[in-house]
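A closer look at the structure
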Amino acid sequence: MPDGARRWIEPLAVIEGEAAASAVAAGEGLPLLGGPLAFLTVRLIAADGSTAGIHRVDALPVGWDRLLDSLVRPPPAFAGLVPRLGPGGPLVMGIVNLTPDSFSGDGVLRGPDPAEAAIAQGRAIVEAGADILDIGGESTRPGAAPVPVEEECRRILPVIRALAAVAPVSVDTRNAATMRAALEAGARIVNDVSALRHDPDSAAVVAAADAPVVLMHMLGDDPRRMQDAPAYADVALDVARFLAARVAAAEAAGIPRERIALDPGIGFGKTLDHNLALLRRLPLLAGLGCPVLVGASRKAFIGRLSGVAEAGRRMPGSLAAALLAAARGAAILRVHDVAETVQALRVARAVAAA
Ligand code: HH2
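Below, the structure is looked at part by part. The residue count restarts for each chain, going from 1 along the sequence in the order it is written. Only residues with pLDDT of 70 or above have their local features reported here, since the model is predicted, and side-chain atom pairs are shown and tallied only from 80 upward, although totals for entire chains, interfaces and linings are computed over all residues. Only hydrogens and water are removed before side-chain values are computed, so all heavy atoms of the structure are retained for them.

Only DSSP runs of H or I covering at least 4 residues are called helices, and only runs of E covering at least 2 are called strands; the numbering of each starts at the N terminus. As for its position among the elements, A330 is in the loop between α10 (315-327) and β14 (332-335). In the structure, A330 is positioned 48 residues away from L282 in sequence and 7.7 Å away in space, judged by C-alpha atoms. Throughout, a residue-residue contact means that at least one pair of heavy atoms, one from each residue, lies within 4.5 Å. The contact partners of A330, leaving out residues within four places of it in the chain, are P90, L282, V292, V294 and A325.

Written out as C-alpha cells, the structure is:
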C-alpha cells in the first residue's frame, strides 16, 4: 500500500497495572504491544489524516479491526535483549558522547585522555543499570558541524573495542564507513539519526551485518538547518508516516522489520509544541509493529519548560519525560543519567504492579 493511502489507529486511553489486566480480561481493553499496558479507546485516522471517529476498542466499525493486529502483538525483543529492569522493560540506553560539542555538556573529549574517560564512563553507566551503551563521535545538536569519518572513527573505535566486552554497544552515526568499522570493532547495533538517508551505502552495511538498527525521524537531512521554522500538518502523523516509509525502504534494502526500532526524534526539527505532541501521542507509533525508542534526555524543550538553560541541570525534567514515555509504550529510553532513570523506572514499575 502506498504510504499516503494508509489508515491509522491511535490508542488514546492507555492504562497500566491491575486496571489494564482487568480491562483486557473483560474484553474492554486490548494489550498495547503485548502488555502490560492496555488501551481502552482509539482514534481512527483516515488516509487523508482526518479523524474518522473515536471508539471503544470493543466497538470498532467494520473494516478497522484488522489494523489492531500490530498494536496488540508484542514486537520482537530489540537486538534479542532482555531488559535488566524485568519483563515489559524498558531497555535503558546510556549515552557515551566522544564529542567536544555535545549540547548536553557531557562530551568527554575535552579531558586529557578522552578514550580512557569514555571507557570509565561506559563501565559506570553499565553498573548503574544500562542495557545498551550508545557511543557517538559526532554531535547532531542543532547547528553542529559535521565530523569527517576518519576523525569520528579515531574518537570512537578504541572505546567501542573496550566497551563491547562490557555491554551491548550501539554506534550513533550517520556514516556507512563508520558503521562498518564500528560493527567490526564489536558494536552490535546501529543508531542512525538520519534513518539511513544520510549515506547511500548505510542500508547495505546494516543489511550485510545483520545488525539491528534504530531509525529516527529528523526534519530534512541536515542538523544545521533542522530547527529553521519546523512545520508539520500533524506532527505525530507526519512522523509516523515518515517512519513507515523508512521501514519500507529498510525492508527493501534487506533489513527485516524484526531488527528495526523507531524513534520520533525529539528535538530534531521540532518546536516545543511538536515535542510535547510527539510524547503525548507516542502510542500512535506502536502501530508500526517495531519497538519505539525515545531520546528526550536533557533536551532543549525541557529547558524551555523549566527555564533551566544549562543542559547538565535538566535531569529532573528528563526523568519525567522518561517515565511518561515508558507509560506510553516506549521500549527503549536513551538517557544521560542512567542511575537516576533506572531508580525512577523501578518505582513507577513497582507502583503499576502493586
Ligand atoms: N539524540 C541525540 C543523538 N542521537 N539518537 C536517537 N536514536 N535518538 C535521539 O533522540 C538522539 C540520538 C542528541 O543527544 P546527544 O547525543 O546527547 O547530543 P549530541 O548529538 O549533541 O552529541
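Looking at the element boundaries, N275 is found in helix α8 (residues 272-280). Here N275 is in contact with I266, G267, K270 and F301, once residues within four sequence places are set aside.

Right, let's get into the site of the ligand. Around the ligand sit 19 residues, and of these S102, S139, D263, K299 and H336 come closest. Whenever a nitrogen or oxygen atom comes within 3.5 Å of another N or O atom, the pair is scored as a polar contact, on the condition that within protein one atom can donate a hydrogen and the other can accept it, and that pairs from neighbouring residues in sequence are kept only if both atoms are in side chains. Here an oxygen atom of the ligand and a side-chain polar atom of S139 are 2.6 Å apart. At 2.8 Å from an oxygen atom of the ligand is found a main-chain nitrogen or oxygen belonging to T140. Nonpolar residues are Ala, Val, Leu, Ile, Met, Phe, Trp, Tyr, Cys and Pro. Charged residues are Asp, Glu, Lys and Arg, and all others, Gly as well, are polar. Considering only residue class, the shell around the ligand consists of 6 nonpolar, 8 polar and 5 charged. The nearness test applies per residue and asks whether one of its heavy atoms lies within 4 Å of the molecule or strand.

Criterion for a salt bridge: a side-chain nitrogen of Lys or Arg within 4 Å of a carboxyl oxygen of Asp or Glu. Under the counting rule described, the total for this entry stands at 15 salt bridges. The partner of D222 in a salt bridge is R224, with the nearest N and O atoms 3.3 Å apart. A 1.4 Å probe rolled over the protein chains alone gives each residue an accessible area, and that area as a share of the maximum for its type sets the label: buried under 20%, exposed over 50%, partly exposed in between. Using a relative accessible area of 12% as the deciding quantity, one classes D222 as buried. The exposure class assigned to R224 is partly exposed, which follows from its relative accessible area of 45%. Two residues, D337 and R298, come together in a salt bridge whose shortest N-O distance is 2.9 Å. Of this pair, D337 sits in the loop between β14 and α11 (338-353) while R298 sits in the loop between β13 (293-294) and α9 (300-306), and the two are 39 residues apart along the sequence.

With an omega dihedral of 5 degrees, the bond running from G35 to P36 counts as a cis peptide bond. Relative to the elements of secondary structure, P36 occurs in the loop between β3 (30-31) and β4 (38-39). Here G89 and P90 are connected by a cis peptide whose omega angle stands at 0 degrees. By secondary structure assignment, the location of P90 is in the loop between α2 (69-72) and β7 (91-97). A positive phi is found at A79, a non-glycine position, where the angle reads about 55 degrees. Relative to the assigned elements, A79 resides in the loop between α2 and β7.

Bringing the nonpolar core into the picture now. Put simply, a nonpolar core is a bunch of buried Ala, Val, Leu, Ile, Met, Phe, Trp, Tyr and Cys residues held in one set by side-chain atoms that sit within 4.5 Å of each other. One finds L133, I135, I160, I255, I260, V294 and L333 to be the most contacted residues of the largest nonpolar core, which totals 78 residues. The element that contributes the greatest number of residues to this core is helix α7 (residues 235-252), accounting for 10 residues. Counting residues in hydrophobic clusters, the runner-up holds 13 residues, among them I9, L37, F39 and L71.

Pairing between the strands of a sheet comes from backbone hydrogen bonds, and it takes one of two forms, parallel or antiparallel. In this analysis, strands are considered paired if DSSP registers two or more bridges between them. Taken in spatial order, the 3 strands make up an open sheet running β1-β5-β6, and their pairing is antiparallel. The sheet is open, and its two borders are formed by β1 (8-11) and β6 (51-56), each paired with just one other strand. Taking each pair of neighbouring strands and ignoring which way they run, the sheet shows an average axis angle of 25 degrees. Inter-axis angles, ranging from 0 to 180 degrees, are taken between N-to-C directions of lines fitted to C-alpha atoms, where helices are fitted over the stretch in contact.

Attention now moves to the environment of R281. Positionally, R281 belongs in the loop between α8 and β13. With relative accessibility at 12%, the residue R281 sits in the buried group. Distance from R281 to L12, taken between C-alpha atoms, is 8.0 Å for residues 269 residues apart in sequence. Residues in contact with R281, not counting those within four places in the same chain, are E10, R43, I45, D234 and A236. Within the local environment of R281, its side chain forms a polar contact with the side chain of E10, the two groups lying 2.8 Å apart. A polar atom in the side chain of R281 sits 3.0 Å from the side chain of D234.

Stacked, tilted and edge-to-face are the three classes assigned to paired rings of Phe, Tyr and Trp, where Trp is represented by its six-membered ring and a pair needs centres within 6.5 Å; plane angles under 30 degrees give stacked, over 60 edge-to-face, the rest tilted. Taken as a whole, this structure holds 0 aromatic pairs when the rule is applied. Stacked on the ring of W8, the Lys or Arg R6 has its end atom at 4.1 Å from the ring centre. When the NZ atom of lysine or the CZ atom of arginine is within 6 Å of a ring's centre and also within 35 degrees of its normal, the charge is said to sit over that ring. One cation-aromatic arrangement involves R7 over W64; the distance from NZ or CZ to the ring centre is 4.3 Å.

With that out of the way, let us pick up the pairing of β14. Strand residues, when the strand is regular, have side chains that alternate between the two faces of the sheet. On β14, burial covers both faces: I332 and R334 on one face and L333 and V335 on the other are all buried. As paired strands, β7 and β14 are joined by 4 bridges and run parallel to one another. Note that in β14 the partner of M93 across the bridge is R334. Two elements, β13 and β14, share 2 bridges in a ladder whose sense is parallel. Opposite V294, over in β14, you have L333 as the bridge partner.

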